[in-house]
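Descriptive structure summary
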Amino acid sequence: MTTTDHRTSPALATTTAPGQRPHLHDRGLLRLADAVLQPGFVGTTPPDWLRRRLAGGLGGVVLFARNIVDPEQVAALTAALAAENPDVIIAVDEESGDVTRLDFEQGSRRPGNHALGAVDDPALTEAVAADIGAQLAAAGVTLDYAPAADVNNNPANPVIGVRSFGADPALVARHTAAWVRGLQSAGVAACAKHFPGHGDTGIDSHHGLPIIEVDAARLAGIELPPFTAAIDAGVRAVMTAHLLVPALDPERPATMSRSVLIDLLREQLGFKGLVVTDGIEMASVSQRYGLGGAAALAIAGGADAICVGGETADESAVELLRTSIVDAVISGELPEERLAEAASRVAAFAAESAALRGARATATARWHESGRPEVGLEAARRALAVTGADRLPLAAPAHVVEFSTVTNLAIEARTPWGVGAPLRALRPDTTVVRLGEEATVADVLAGADGRVPVLVCRDPHRHPWLAQLIDAVVAARPETVVVEMGVRHGAPVGAVHLATYGAATVCGRAAAEALAGA
């Protein structure tokens, strides 16, 4: 999520007279506005301002890596949040794989969606999601902003990629449903995202507004089946996408479009649960409408809850959002009954979550008693695709070169990835370096005398410099091994090629085992 300005959209400016700001006199509207907010915050304990607002009716909170140290701390944190408001929705963006919050420090213990789609065993996907649900239940989380139900049919997509189960809508649909069933078996709500589908985009919506130039028939055949499957599986929440679909609404992004959220999602697809926005401070919407204006327009368009807090995570942002929402009601731009409806859906979601405390307690006990089952490692091993396996295990020590590329903002920059560390644990004679875009063939092969070059990369098809460099190294050293940890695209390169379909820690370990013959 990106830092944005905090202007309110002129179209939603208040008509209240000076000295009569609604936050000074209309407590009822302010409580409705508080109910629909899901802000983030800084710190590993609740700040005073958050405690105060929770006690006053703030409807939700979203946790990020900055709020998480270890399991005991996060459980204490969520207990403290619930002590201020027992009905609070506690959300986190735990997709697993490349996008992890609870395991960001050591990397995910489970592969992400793309690896699960490569295995194509819905029972395995359901088991992995149930394992995630048990961990989240033990942490005190009630809503997970996952799974990504996007069909990644654009290989150049800079923001979805391995977060998607794949490019085939039927495959994505069956695994989305399995993931929803698995997670929700633990009493934690799933949230299918990013509606109506973020897979066919070439722009990261953290930075700009993607436009999906397809007709309604194409949407129905490609983008929508996974969301239909999620709804059929009982998904409790859906997250909106900050993108423009002219075939549905030529003016408003999906997050604030009644055509998308009411006509399509509610009426056509029959979704009855909670609609949550993607981070409202993302540039795709906040730069056009201002932070407060985007929030008010989203509620007016059919969203029920506003997610905020990737980088905008202080009390002033929460105050701006709720005041902007109330101002929009006062000015007539946001019907009060629409705001009341949104707050009512938040309350219904909270009541259902309260009724699932027993399921979360059972899942928590399972998590603590399980000894941390290795279902994630099993999935990563099954996902691994090897070309040239007859050349494994490596006959000589490896010189591992990991190439750093820019990742999207959904991925924590501190989350470890790669093959070097797990391979060195198995083969201590391994050497490891990490290089960037300025690297040359000489840089890559420096230190590789007497060793097998092992090149580790993500999505070289999206980075021409990287694809060219890998080709040049393979030409110079034909025995080179390539480990691709992103979306597999194009013919395998190298004497041995390993595709992990993601860069989670377990994916690196599975590749290292294959290289070492472990």
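Residues numbered from 1 in each chain as written. Predicted model: local features only at pLDDT ≥ 70, side-chain atom pairs only at ≥ 80, totals over all residues. Heavy atoms only, no water.

Looking only at helices and strands, the chain has 19 helices and 14 strands in total. Its C-alpha atoms give the chain a radius of gyration of 23 Å, within 12% of the compact-globule value 24 Å for 518 residues. With respect to the three principal axes, the spread of C-alpha positions in the chain is 80 × 50 × 40 Å. With 518 residues in all, the chain has 61% of them scored as buried. Taking the contacts inside the chain whose residues are at least 6 apart along the sequence as the reference set, 79% of them involve residues at least 24 apart. Seen as two clouds, the 42 positive and the 60 negative side-chain charges of the chain have centres 3 Å apart. (Helix = DSSP H or I, 4+ residues; strand = E, 2+ residues; numbered from the N terminus. Rg over C-alpha atoms; globule rule 2.2 N^0.38 Å. Buried < 20%, exposed > 50% of the residue type's maximum accessible area, 1.4 Å probe, protein only. Contact = heavy atoms within 4.5 Å. Lys, Arg positive; Asp, Glu negative; His and termini not counted. Charge placed at Lys NZ, Arg CZ, Asp CG, Glu CD.)

The next thing to look at is the sheet that holds strand β13 (residues 481-484). Reading across the sheet, the six strands line up as β9-β14-β13-β12-β10-β11 and stay open at both edges, with mixed pairing between neighbours. Of all the strands in the sheet, the pair left with one neighbour each is β9 (385-387) and β11 (431-435). The average undirected angle you get between the axes of adjacent strands in this sheet is 15°. Bridging between strand β12 (residues 452-457) and β13 involves four bridges; their strand directions are parallel. Looking at the pairing, Val456 lines up with Val483 of β13. (Pairing = 2+ DSSP bridges. Axes fitted to C-alpha atoms, helices over the stretch in contact; angles between N-to-C directions.)

Restricting attention to buried positions, one finds in helix α2 (residues 48-55) the residues Trp49, Leu50, Arg53 and Leu54. Viewed along the axis of α2, the buried residues span an arc of 130°, placing them on a single side of the element. Facing away from the buried side of α2 by more than 90 degrees, the exposed set consists of Asp48 and Ala55. Gly57 sits one or two positions beyond α2 and adopts a positive phi of about 115°. (Arc of directions from axis to C-beta.)

With that out of the way, let us pick up the state of the cysteines. Inspection of every chain in the model, using the stated rule, returns zero disulfides. Between Cys457, a cysteine without a disulfide, and Cys507, which holds the nearest cysteine sulfur, the sulfur-to-sulfur distance is 14 Å. Residue class for Cys507 comes out buried when judged on its relative accessible area of 3%. (Disulfide = S-S within 2.5 Å.)

Our next topic: the sheet that holds strand β4 (residues 143-144). Spatially, β2-β3-β4 is the arrangement adopted by the three strands of the open sheet, whose pairing is parallel. At either margin of the open sheet sits one strand with a lone partner, and together these are β2 (60-63) and β4. Bridging between β2 and strand β3 (residues 89-92) involves four bridges; their strand directions are parallel. Residue pairing for β3: Leu63 is matched across the bridge by Val92.

Quick look at the environment of Ala237 now. Residue placement: Ala237 occurs in strand β6 (residues 237-240). Discounting chain neighbours no more than four positions away, the residues touching Ala237 are Leu143, Ala190, Cys191, Ala192, Phe271, Leu274 and Phe349.

A full pass over the atoms with the stated rule returns 32 salt bridges. A cluster of three or more residues bridged by salt bridges with shared partners is formed by Asp34, Arg52, Arg53, Glu315, Glu319 and Arg322. (Salt bridge = Lys/Arg side-chain N within 4 Å of Asp/Glu carboxyl O.)

The next subject is the nonpolar core. In terms of nonpolar packing, the biggest core is built from 99 residues, with Val61, Leu63, Phe195, Val235, Ile280 and Ile325 touching the most fellow members. With residues near it in sequence (within four places) discarded, Leu63 still touches Phe41, Val74, Leu77, Thr78, Leu81, Ile90, Ala91, Val92, Asp93 and Val141. Core analysis: the next-biggest nonpolar cluster, separate from the first, contains 27 residues, Leu394, Trp417, Val419 and Val496 among them. (Core = buried A, V, L, I, M, F, W, Y, C linked by side-chain atoms within 4.5 Å.)

The next point concerns the side chain of Thr364. Locating Thr364 in the fold gives a position in helix α14 (residues 357-369). A relative accessible area of 18% places Thr364 in the buried class. One polar contact links the side chain of Thr364 to the main-chain amide nitrogen of Ala138, over a distance of 3.3 Å. What Thr364 contacts, discounting residues up to four positions off in sequence, is Ala134, Ala137 and Ala138. (Polar contact = N/O pair within 3.5 Å; in protein donor to acceptor, adjacent residues only side chain to side chain.)

Another aspect to go through is the packing of aromatic side chains. Given two aromatic rings, their pairing is described by the distance between the two centres and the angle made by the two planes. Inspection of the entire model under this criterion finds two aromatic pairs. Arranged with centres 5.1 Å apart and planes meeting at 90°, the rings of Phe195 and Phe227 form a pair that is edge-to-face. On the criterion of sequence distance, the pair formed by Phe195 in strand β5 (residues 191-195) and Phe227 in helix α8 (residues 225-232) is long-range, its members being 32 residues apart. Each member of the pair Phe195 and Phe227 is classed as buried. Summarising the aromatic geometry, the rings of Phe403 and Trp465 are spaced 6.5 Å apart at their centres and angled 75° between planes, so their arrangement reads as edge-to-face. Of the two residues, Phe403 is situated in strand β10 (residues 398-403) and Trp465 in helix α18 (residues 464-476); the sequence distance between them amounts to 62 residues. The exposure class assigned to Phe403 is buried, which follows from its relative accessible area of 0%. For Arg236, the ring lying beneath its charged end belongs to Phe349, and the centroid distance is 4.2 Å. Stacked on the ring of Trp417, the Lys or Arg Arg458 has its end atom at 4.3 Å from the ring centre. (Phe/Tyr/Trp six-rings, centres within 6.5 Å; stacked < 30°, edge-to-face > 60°. Lys NZ or Arg CZ within 6 Å of the ring centre and 35° of its normal.)

This part covers α8. Of all the residues in α8, the buried ones are Pro226, Phe227, Ala229, Ala230 and Ile231. Close packing links the buried residues of α8 with α6 (169-184), β5, α7 (216-223) and α9 (258-268). Just downstream of α8 lies Gly234, where phi reads positive at about 90°.

Two elements in contact, helix α5 (residues 122-139) and α6, have axes separated by 7 Å at closest approach and are oriented at 35°. α5 and α6 meet at a crossing whose hand is right-handed. Mapping the contact onto sequence places Pro122, Thr125, Glu126, Ala129, Ala130, Ile132, Gly133 and Leu136 in α5 and Arg174, His175, Ala178, Trp179, Arg181, Gly182 and Leu183 in α6. Tallied by class, the residues present in the contact of α5 with α6 amount to eight nonpolar, four polar and three charged. (Left-handed = near helix turned anticlockwise from the far one by under 90°. Nonpolar A, V, L, I, M, F, W, Y, C, P; charged D, E, K, R; others polar.)

Moving on, we come to the side chain of Glu402. Within the secondary structure layout, Glu402 lies in strand β10. Polar contacts involving the side chain of Glu402 include one to the side chain of Arg434, which spans 2.6 Å. Beyond its immediate chain neighbours, meaning those up to four positions away, Glu402 contacts Trp417, Gly418, Val419, Gly420, Val432, Val433, Arg434, Leu435 and Val456.

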